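Each chain is listed here by its residues.
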Amino acid sequence: MRYFPFGRAALSILALAVTSGGWLALQPKPKHHATLTYWTFATTHYDSYKKIIPEFERQNPGVTVDLELVSLNALASRMQSAMLADLDVPDLFEVEIGQSAALFRGPTKDIGLVDLGPRLHAPGPDGTPPLWDRVVHARFAPYTNRGHIYGLPHDIHAVQLAYRRDIFEKAGVDVRKIKTWDDFVQVGRKMTIPGKQYMMEMSDSDATVLEPMLFQRGGGYFDADGHVIMDNEIAVQTMCWYVPLVAGPHKIGDSVGYFGQVQTKAVEDGYMLCYICPDWRSKNFENDVSHMKGKMALMPMPLAAPGGNPTTSWGGTMLGFTKHNNHQDLAWKLAMFLYLDKSQLADRYRSTNILPPVKDLWSDPVFHERRAYWSNEKIGDSYIRLAPNVPAHYSNPVIQTATDKLSQALVDCVHYYNTHGYVDHGDAQFESYVRSRMKMRADEVRAMARRDSY
Amino acid sequence: MNTERSVQTGRTALTITMFLLAAIVLTPLVWLVAATLKSSDDMFHYTFFPPVSHLTLSEYHDLFTKSPFARYLANSVFVTSVTVMVQLFFSSLAGFALAKYEFKGKNIIVAIMLATLLLPGQLTMAPLYDLLYHMKMVDSYAGLIVPGAVSVFGIFLFRQSIQQVPDELLQAARIDGCSEFQIYWDIVMPVSRPMIGAFCLISFMGAWNSFLWPQIILHHAELFTLPIGLNQLVSIYQTQYGMLMAGTLLGVLPVVFLFVLLQKEFVAGLTAGAVKG
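Residues numbered from 1 in each chain as written. Chains lettered and ligands numbered in written order. Predicted model: local features only at pLDDT ≥ 70, side-chain atom pairs only at ≥ 80, totals over all residues. Heavy atoms only, no water.

### Notes on the domain arrangement of chain A
Residues and elements named next belong to chain A.
Step number 1: Annotation of chain A at the domain level lists domain 1 (36-156 + 315-387) and domain 2 (159-313 + 392-452).
Step number 2: Facing the 31 residues of domain 1 at the interface are 34 residues of domain 2.
Step number 3: Carbon and sulfur atoms supply 57% of the area buried between domain 1 and domain 2, which totals about 2,600 Å² over both sides.
Step number 4: For the interface between domain 1 and domain 2, the tally reads one salt bridge.
Step number 5: With a shortest N-O distance of 3.1 Å, Arg371 and Glu286 are connected by a salt bridge.
Step number 6: Our count for the contact surface shared by domain 1 and domain 2 stands at 17 residue pairs in polar contact (both at pLDDT 80 or more).
Step number 7: Those elements that provide at least two residues to the side of domain 1 that touches domain 2 are helix H4 (97-100), helix H14 (345-352) and helix H15 (379-386). (Domains from an automatic or database assignment. Contact = heavy atoms within 4.5 Å. Buried area = accessible area lost by both parts, 1.4 Å probe. Salt bridge = Lys/Arg side-chain N within 4 Å of Asp/Glu carboxyl O. Polar contact = N/O pair within 3.5 Å; in protein donor to acceptor, adjacent residues only side chain to side chain. Helix = DSSP H or I, 4+ residues; strand = E, 2+ residues; numbered from the N terminus.)

In structure tokens, the structure reads:
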């Protein structure tokens, strides 16, 4: 210790530094001077791309791709700041649907993303139709801003309801007879046991389920021109319908958080019987609640009214191309390889259950396989049937604020409902309150949107 | 006799209470350990321990074979230990200067330093990122270590501790021909060992658990520290609970091990000066 005066603690830590440093020195990190840099936030995408990128590099001699896994929470804000400050940005990147529109702020000329319109409308190689004609159009809506398309959709995310088949069968309920939400609520009143069992996973404080309900009815946060419509008649009526389902003595919905261990336990225990289930979530169930194999099934979403839309959407991923990129053609080629190459479709679908948005790919046999977990149903078939009906989900740079404000409006309305007596749909006083609160919250979003006056 | 009995009863009651409290505090840890011994399928199936026949170490095996966990662990150990060493050196050096030298503006420097403690770290992240980007330190070990090389808290801690060292000791060393750095290295630091022990542990925990900054500065998986690496197991489409819990448990162990090893120095540092000699 004579020559190391910092004591035993510091000496131990110094020893750790030397040991770990030595180990790391023996494991040199790979070099990352690549032709293209690609950021993604989803581990499943990362893993599947990692497997096939060597093939792309082989087909394009001299080209290297640096694939990076970036945190979902950090990605959008990092992209936004980096583009504004002219710092390092990738050539291509994937971003979650709720965060994508934040990148469309400011004058069009200053948006750091490439307008994909011309490429989407150009004929494909070997006479294939333009990509625009091959993809479900509604999925371009969230990534379109002032007439420019800044993103390629990775998915469709049509929604069905996942349900505990075994419990319904035991109770003698035939789900095929549930055609409309009215039918659903009627069954829900019978199946719900307050505090023990609820018909559906629905929250009284966050708009996670209210949002797809709104889309199903043709509503949304913004119209095609980016104007706020979250307080229009559809939104008001949806809220009036939704609140009595999650509040008051006749509620049929409850939530314990949409993901995580508590929710997993709730599925196993049959605490909630039905769940909003886009294709990607069906994989969550398979992975996280594997004990329910053979006890779960999928049913179409009930209709809001006869003839209405049988589905909605929840979630999504956009692939964007930055202007910073000096190899735009190569980047497009890589995107087409990752999104359209048939050789890796099966692997990716089996590991994510995500249906690609390109219609001609759906004929691949992998999308028509039976799934033992879902009571041996061909779940790909049912999502494919619903895919063309997925509603357009228009966006705006203040979309995050809008989603927060919808949740606040929900909390307001639930509180009013719980403190001013429980009414059924059609009560004028309750409706008037809902209308005023939704307008108030929508005005807050409008005020925020005005700051981005471009 | 009655007093003796009531003292005895009091002790028994205290012991029982302490056991109960310890049980409450340890329950989540026991649950974590139990969870790591289950397979993914059983993860939420049994409240605590599954039947012995279902116990497995498969999640630990997966952790090391299906994810670069060893690399994350080594990165964390390296970055944390180097950060602590660098912090220790610079903070103690600055603390020594502020405690034992008189110069113009000293108090103002201390006041400004303390004021910076009031600034939330998030406020400086954007300019710091910009700076490191231009210094080509983004996505590197240096980008993790350099911004944390000096700790204001550490400087303040050492300043307070070194102030207790008698000036006469320093004067005697100067008379013996010691340079100022020798005084710091050979006189001041050895007598500050208890504080060094406490600082090391506190600083180690801070750097070990650091999440936000590594998340911003790192892009490539081979540089990820343990918290960032474990976070990769929580994906939007799938959470690998078994591996996550096994990784969390292994991630906690170094800190626990260090505390057990160094607890005497840690406690001595925290209580230094508490009792008048």
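### Quick notes on helix H4 (residues 106-116) of chain B
Residues that lie three or four places apart on an α-helix share one face, since the helix turns once every 3.6 residues.
All names here are of chain B.
Step number 1: Of the residues making up H4, those classed as buried are Lys106, Val110 and Met113. Down the axis, H4 shows its buried residues gathered within 65° of arc, on one side only. Set apart from the buried face of H4 by more than 90 degrees, the exposed residues are Asn107, Ile108 and Ile112.
Step number 2: Turning to H4, the residues buried within the fold contact helix H3 (69-100) and helix H7 (152-163). (Buried < 20%, exposed > 50% of the residue type's maximum accessible area, 1.4 Å probe, protein only. Arc of directions from axis to C-beta.)

### Here's the deal with helix H12 (residues 279-288) of chain A
Step number 1: Most of H12(A) sits inside the fold, with nine of its ten residues counted as buried.
Step number 2: By the burial criterion, the buried members of H12(A) are Asp279(A), Trp280(A), Arg281(A), Ser282(A), Lys283(A), Asn284(A), Phe285(A), Glu286(A) and Asp288(A).

### Some words on the sheet that holds strand E8 (residues 198-201) of chain A
Residues and elements named next belong to chain A.
Step number 1: Spatial ordering of the open sheet is given by E9-E8-E10-E7-E11, a layout of five strands whose pairing is mixed. One side of each edge strand has no neighbouring strand; the edge strands of this open sheet are strand E9 (253-254) and strand E11 (296-299).
Step number 2: In this structure, strand E7 (residues 159-164) lies alongside E11, joined through four bridges in antiparallel fashion. Across the sheet, Arg164 pairs through a bridge with Met296, a residue of E11.
Step number 3: Relative to strand E10 (residues 272-278), helix H11 (residues 261-269) is tilted by about 125°, and along the sheet it contacts E7, E8, E10 and E11. (Pairing = 2+ DSSP bridges. Axes fitted to C-alpha atoms, helices over the stretch in contact; angles between N-to-C directions.)

### As for the nonpolar core
Step number 1: Tyr38(A), Leu92(A), Leu152(A), Phe285(A), Phe321(A), Leu338(A) and Trp374(A) are the most contacted members of the largest nonpolar core, which totals 136 residues.
Step number 2: Broken down by element, this core gets its largest block of residues, twelve residues, from H3(B).
Step number 3: Counting residues in hydrophobic clusters, the runner-up holds 82 residues, among them Leu214(A), Leu273(A), Ile399(A) and Leu410(A). (Core = buried A, V, L, I, M, F, W, Y, C linked by side-chain atoms within 4.5 Å.)

### As for the sheet that holds strand E1 (residues 36-40) of chain A
Residues and elements named next belong to chain A.
Step number 1: Pairing within the open sheet is mixed, and its five strands lie in the order E2-E1-E3-E12-E6. Taken across any chain shown, the strands that pair with only one partner, and hence form the sheet edges, are strand E2 (65-69) and strand E6 (152-153).
Step number 2: The pairing of E6 with strand E12 (residues 317-321) spans two bridges and is antiparallel. Each residue of the ladder has a partner; that of Leu152, found in E12, is Leu319.
Step number 3: On the sheet, helix H2 (residues 43-59) packs against E1, E2, strand E3 (92-96) and E12 and is oriented at approximately 175° with respect to E2.
Step number 4: This element, helix H3 (residues 72-84), spans E1 and E3 of the sheet and lies at about 120° to E3.

### Notes on the packing of aromatic side chains
Step number 1: Applying the stated rule across the entire model yields 32 aromatic pairs over all chains.
Step number 2: Plain terms: the ring middles of Tyr221(A) and Phe222(A) are 6.4 Å apart, the flat faces sit at 45° to each other, and that makes the pair tilted. For the pair shown, Tyr221(A) and Phe222(A) are each scored as buried.
Step number 3: Between Phe64(B) and Phe69(B), the ring centres sit 5.1 Å apart and the planes meet at 85°, which makes this aromatic pair edge-to-face.
Step number 4: Taken together, the ring pairs in this structure connect Phe89(B), Phe90(B), Phe96(B), Tyr101(B), Phe181(B), Tyr184(B) and Trp185(B) into an aromatic cluster.
Step number 5: A cation over an aromatic ring shows up here: Arg217(A) above the ring of Trp241(A), its NZ or CZ 4.1 Å from the ring centre. (Phe/Tyr/Trp six-rings, centres within 6.5 Å; stacked < 30°, edge-to-face > 60°. Lys NZ or Arg CZ within 6 Å of the ring centre and 35° of its normal.)

### Quick word on the packing of H4(B) against H7(B)
Residues and elements named next belong to chain B.
Step number 1: One can describe the packing of H4 onto H7 by two numbers: an axis separation of 9 Å at closest approach and a directional angle of 135°. Considering their axes alone, H4 and H7 lie oblique with respect to each other. Two packed elements cross with a definite hand, and for H4 against H7 that hand is left-handed. Counting all contacts with H4, which are made through Val110, Met113, Leu114 and Thr116, the residues of H7 involved are Val152, Ile155, Phe156 and Arg159.
Step number 2: Looking at the contact of H4 with H7 residue by residue, the classes come out as six nonpolar, one polar and one charged. (Parallel < 35°, antiparallel > 145°, perpendicular 65-115°, else oblique. Left-handed = near helix turned anticlockwise from the far one by under 90°. Nonpolar A, V, L, I, M, F, W, Y, C, P; charged D, E, K, R; others polar.)

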